[in-house]
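Fold and geometry: a report
Spelled out from the first residue to the last, the chains are:
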Amino acid sequence: MARSRRRRVSCHGRRISQQSTRSISIAMSQTDYVNGQITNNENPKAEESEESEDDELPILPRQFIPDSELSPQYWFLLKVVKYIKFGSPTATLLALCGLNRYDLTLPMCQQALENSEAVDVLINVLEADDHKCKVAALRVLQNMVKIQHFQRLLVMKSGIATVVKLLSEAEPDVRCLAAGTLAHAVNNHRSRMLTRKAGAVPLLVDLLDIQNAPVVVTTDEFNLKAATKQKIQAATAAAKALRSLSYSSSARRDMYLAGGIPLLTRLTLSVGGVHREYPQATSSSLTHHRAPSVASTTTGQRPSVNVKSRLTSRRAMAASVYSDSELDFELLTAVNGVIHQCAADDIFRASVRADMLLGQLLRHMRYDCETLQTLCASTIAHFAEDETNRRVLTQLKATETIVWVLKQGEYQLQMASNYTIPRSRPEDEQPLELQVQIDRPTSHVEEKQVEKPQVNISLLKAVSTAVWKLSLSPEARDRFRQLGIVRIFIRHLNQSTEEVLLPIVSSISVIGTDPESLALLRTERAVPRFVWLLSGNHPGLLSAAALTMANLTADLDALELLETIDAARLLWSLLKHPSPVVQAGAASAIAAFSERSKRAGEVARSLVGGLELLVSLLRAPELEVVTAAAAAVARMATEDETLAVLSDHHVVTLLASLVRHKNRDLKLRVAEAIAECCRWPGNPAQLGQGGGVKPLIGYLRSSHLDLRRAAAKALHQVSSDRENCFILHHHGAVMLLLKLVGCGDVEIQSAAAGCLSNIRNFIHNA
């Protein structure tokens, strides 16, 4: 009878919950969210669509235990679930407490819970009115949904809506456990969609609001009030659930509409104060935390003398200190996880004060918590995509913090690799009874070398990506060079993961352009490593390695080494790669080789179809590819033998079709290529027939000196044809050339005077 009454009450509560969540969903569906921007266009189909970074969880095979091999523990678990199902509230509570003590990771326990339909029973208990039974059932369910099979069962049994309904309960412990259950259960596309449609996002955002607590959350770790601690636990569980939901763009939209941005920012700014050392934690993710201090986070003052004396006198409370500091770091990690996912949206980056948030993220990177450092570095990498934020990060000395994190990782690896543990003690140091039992002539200490420590790949990838994005700023790039970032990255070039090598090699290609860095790459024997990377398949990595080799050509010794290992042939082979990014990087590297290497033309002519392939890139639709190919043609055409081959492939006709382009870089490279290619007889006439002379006259009006210089040189060569001289005279090129004769640049003066001389001779003889 008690069970039936409980079922009727729960069903009535479920109907109310569906109506309330339906009203929330209708209110939230009045806006649309596209590419990080919120608009007021109603789109029901977009509301139903769900985007996530991970796919549906695969169905993993479970170990089936036959009945003959089942232990008495299996049958006992069946009885426990039966007591929960048919017992009184007291028996149900006792059974739930007993069930919570079992190790649910064992296959036998999982099989018993599945066969007894424990998920249905727990959902039924959650719909009852008994507070203690709800708490106990949530504790059991929270442990169960950590297993993938029970996550699917919770979704199939429509338990997500029941758990979401508990987020609106009055008891804070119920809300906290419900949020913690969602944090573990919501990790795939379907569960996120059901959770969002049940209206969980606004309820979870409400749990982040700890307005009634002090402004600084941890004002005193020793005398932390129970109410405040409970609010922090609820906020931590809500942040974990929102972190799982934030993989969906629709859930992030609901979070923004519910006012989650200011709450997340406030939590990031409030948790943590001045650094203070805490006892070493046993957890792998929390080691040697420098946790928040009692000082105010707004003033940034150091602890007073009274505070230091109080800390010294209360060392006996180390266990409670550890638990509170761990709670703060757990909240901090969860909040930064949500911010990391939201930082990819433009609306989030535009809605927060970048100077305050980035300053706090840089400060969090100083904590000795690799998970927190990884999240902060990834968030900084998202913010560093904007030029304004790059300037803010440079002013906040983000370069010093990032290099400090990299050096700390290297130091810890060095200390761990030098650590050894004794396998046994000498015989004279062993206990007497052990010496009698063991007759072994051991006279020295046998040592067992500890396993070689591994680099934290996630942290290295996040930090190197932040370096890559931040190095686009000239000030940050110079500061990275002073801090020796190139030497640090050289040590990590032996990584086998392409996702880690990509930001490392890209950072070196951007930062390592000065003579000191190039000499360091050569002396540290990193040049063969970059050549080896050219044989891979990753487009971004191939492009970054090619650009690094283009930079290495500026160092004569490195250029000689590249010629010795025949790296130019690999670059020419990359022109056939289907990726435009790889083609542009390879063409740029070929242009650098052709400018500085004496054997570049010989190597190009020895490759069958190499020059023809380079000329064909001038027809590519990508602007970067065409610009790089034009630069390579301009450098290769300096040799007469190579110029003859290029002319046979009608390179001038293709260049004439590119003269009218609006991009300044492309116009500069095309003008340089025309100036070199028109030295060959017949090419100036082809350029005039292709309509490429008249647009070159407009280049002389450019405000950029390098473009005017290239145009003057090109017109000097073009004016060797009589028809072209008439075109120049007819379109007013003479007055422009007369102005350039008075220019202070010697090359422009010489080219303009030569062009005027050719025009005068042909016009006078006509």
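Rules used in this analysis
- Residues numbered from 1 in each chain as written.
- Predicted model: local features only at pLDDT ≥ 70, side-chain atom pairs only at ≥ 80, totals over all residues.
- Heavy atoms only, no water.
- Helix = DSSP H or I, 4+ residues; strand = E, 2+ residues; numbered from the N terminus.
- Buried < 20%, exposed > 50% of the residue type's maximum accessible area, 1.4 Å probe, protein only.
- Areas by Shrake-Rupley, 256 points an atom, 1.4 Å probe, with all protein chains shown as cover.
- Expected span 1.5 Å × (residues − 1).
- Contact = heavy atoms within 4.5 Å.
- Polar contact = N/O pair within 3.5 Å; in protein donor to acceptor, adjacent residues only side chain to side chain.
- Phe/Tyr/Trp six-rings, centres within 6.5 Å; stacked < 30°, edge-to-face > 60°.
- Lys NZ or Arg CZ within 6 Å of the ring centre and 35° of its normal.
- Axes fitted to C-alpha atoms, helices over the stretch in contact; angles between N-to-C directions.
- Parallel < 35°, antiparallel > 145°, perpendicular 65-115°, else oblique.
- Nonpolar A, V, L, I, M, F, W, Y, C, P; charged D, E, K, R; others polar.
- Salt bridge = Lys/Arg side-chain N within 4 Å of Asp/Glu carboxyl O.
- pLDDT = per-residue confidence, 0-100.
- Disulfide = S-S within 2.5 Å.
- Core = buried A, V, L, I, M, F, W, Y, C linked by side-chain atoms within 4.5 Å.

Remarks on the overall build of the protein
Along the protein, the regular secondary structure elements total 45 helices and 6 strands. Out of the 766 residues in the protein, the part that is buried amounts to 49%. Element-wise, carbon and sulfur atoms account for 52% of the exposed surface of the protein, whose accessible area totals about 36700 Å².

Some remarks on helix H30 (residues 539–552)
With 14 residues, H30 should cover 20 Å at 1.5 Å per step; its first-to-last C-alpha distance of 20 Å lies within 8% of that length. By the criterion of burial, H30 is predominantly enclosed, with 10 of the 14 residues buried. Taken as a whole, H30 has its buried residues at Leu-541, Leu-542, Ser-543, Ala-544, Ala-545, Ala-546, Thr-548, Met-549, Ala-550 and Leu-552. On the buried face of H30, the contacting elements are helix H27 (498–511), helix H28 (515–523), helix H29 (527–533), helix H31 (556–564), helix H32 (567–573) and helix H33 (580–596).

Looking at the environment of Leu-141
Mapped onto the elements, Leu-141 comes out in helix H7 (residues 131–144). Linking Leu-141 and Thr-181, residues 40 residues apart in sequence, is a C-alpha distance of 7.0 Å. For Leu-141, the contacting residues outside a window of four places in its chain are Leu-122, Leu-126, Leu-154, Val-163 and Thr-181.

What about unusual backbone geometry?
Despite not being glycine, Arg-525 shows a phi value in the positive range, around 60°. With respect to the helices, strands and loops of the structure, Arg-525 is situated in the loop between H28 and H29. Since its relative accessible area comes to 73%, Arg-525 is described here as exposed. Phi angles above zero are rare outside glycine, and Asp-566 is one such case at about 55°. Locating Asp-566 in the fold gives a position in the loop between H31 and H32. Taking the relative accessible area as the measure of exposure, Asp-566 reaches 29% and is therefore partly exposed.

So, the environment of Met-255
Looking at where Met-255 falls in the secondary structure, it is placed in helix H14 (residues 249–257). A relative accessible area of 1% places Met-255 in the buried class. Sequence-wise, Met-255 and Leu-242 are 13 residues apart; in three dimensions their C-alpha atoms are separated by 8.4 Å. The contacts of Met-255, once residues within four sequence positions are left out, are Val-201, Val-205, Leu-242, Ser-246, Gly-260, Leu-264, Val-338 and Cys-342.

Digging into the side chain of Asp-745
Tracing the chain through its elements places Asp-745 in the loop between helix H44 (733–741) and helix H45 (746–765). Classification of Asp-745 by relative accessible area gives buried; the value is 16%. At a separation of 3.0 Å, a polar atom in the side chain of Asp-745 contacts the main-chain amide nitrogen of Ile-748. When neighbours within four sequence positions are excluded, Asp-745 is seen to be in contact with Leu-705 and Arg-709.

Quick word on the packing of aromatic side chains
For the structure on display, the rule yields 2 aromatic pairs. Taking 6.4 Å as the distance between ring centres and 40° as the angle between the ring planes, the aromatic pair formed by Phe-76 and Tyr-102 counts as tilted. Residue Phe-76 is found in helix H3 (residues 72–86), and its partner Tyr-102 is found in the loop between helix H4 (89–99) and helix H5 (107–115); the two are separated by 26 residues along the sequence. Summarising the aromatic geometry, the rings of Phe-348 and Phe-383 are spaced 6.5 Å apart at their centres and angled 65° between planes, so their arrangement reads as edge-to-face. Of the two residues, Phe-348 sits in helix H18 (residues 346–351) while Phe-383 sits in helix H20 (residues 370–383), which places them 35 residues apart along the sequence. The ring of Trp-404 has Arg-366 lying over it, and the distance from NZ or CZ to the ring centre is 4.7 Å.

Topic: the packing of helix H43 (residues 722–730) against H45
Taken N-terminus to C-terminus, the directions of H43 and H45 make an angle of 105°; their axes are 9 Å apart at the nearest point. One way to sum up the angle between H43 and H45 is to call them roughly perpendicular. For the pair H43 and H45, contact is made by Arg-722, Cys-725, Phe-726, Leu-728 and His-729 and by Cys-755, Asn-758, Ile-759, Phe-762 and Ile-763, respectively. Here the residues of the contact of H43 with H45 sort into 7 nonpolar, 2 polar and 1 charged.

Quick look at the pattern of salt bridges
Summed over all chains, the structure comprises 29 salt bridges. Between Arg-479 and Glu-400 there is a salt bridge, with the nearest N and O atoms lying 2.7 Å from each other. One end of the pair, Arg-479, is in helix H25 (residues 474–482); the other, Glu-400, is in helix H22 (residues 398–417), and 79 residues separate them in sequence. Connected through shared salt-bridge partners, Glu-595, Arg-635, Arg-669 and Glu-672 make up one network.

Let's talk about the confidence of the model for the protein
For the protein, mean pLDDT is 77; residues scoring 70 or higher make up 76% of the total. For the protein, strand E3 (residues 276–277) is the element with the lowest average pLDDT, namely 32, and helix H36 (residues 623–636) is the one with the highest, namely 94. Note on residues 212–223: pLDDT under 50 across the span, and 31 contacts to partners over four residues away in sequence or across chains. Under a pLDDT of 50 for its full length, residues 419–450 has, in the predicted model, 29 contacts with residues more than four places off or in other chains.

Structural notes on the state of the cysteines
By the definition in use, this model includes 0 disulfides. No disulfide involves Cys-678; its sulfur sits 7.0 Å from that of Cys-677, the nearest cysteine. Judged by its relative accessible area of 3%, Cys-678 is buried.

Concerning the nonpolar core
One broad rule of soluble globular proteins: the nonpolar side chains tend to lie buried together. Core analysis: the biggest nonpolar cluster contains 224 residues, and Leu-204, Phe-348 and Ile-674 have the highest contact counts within it. Counting residues per element, this core draws most heavily on H36, which supplies 10 residues. Apart from residues no more than four positions distant in its own chain, Phe-348 is found in contact with Tyr-256, Ile-261, Ile-339, Cys-342, Ala-343, Leu-357 and Phe-383.

Details of helix H12 (residues 200–207)
Within H12, 6 of the 8 residues are buried, which leaves the element mostly enclosed by the surrounding structure. Those residues of H12 that fall on the buried side of the exposure criterion are Ala-200, Val-201, Pro-202, Leu-204, Val-205 and Leu-207.

Description of the environment of Thr-236
Relative to the helices and strands, Thr-236 is located in helix H13 (residues 226–245). Sequence spacing of Thr-236 and Val-335 is 99 residues, and the spatial spacing of their C-alpha atoms is 7.7 Å.

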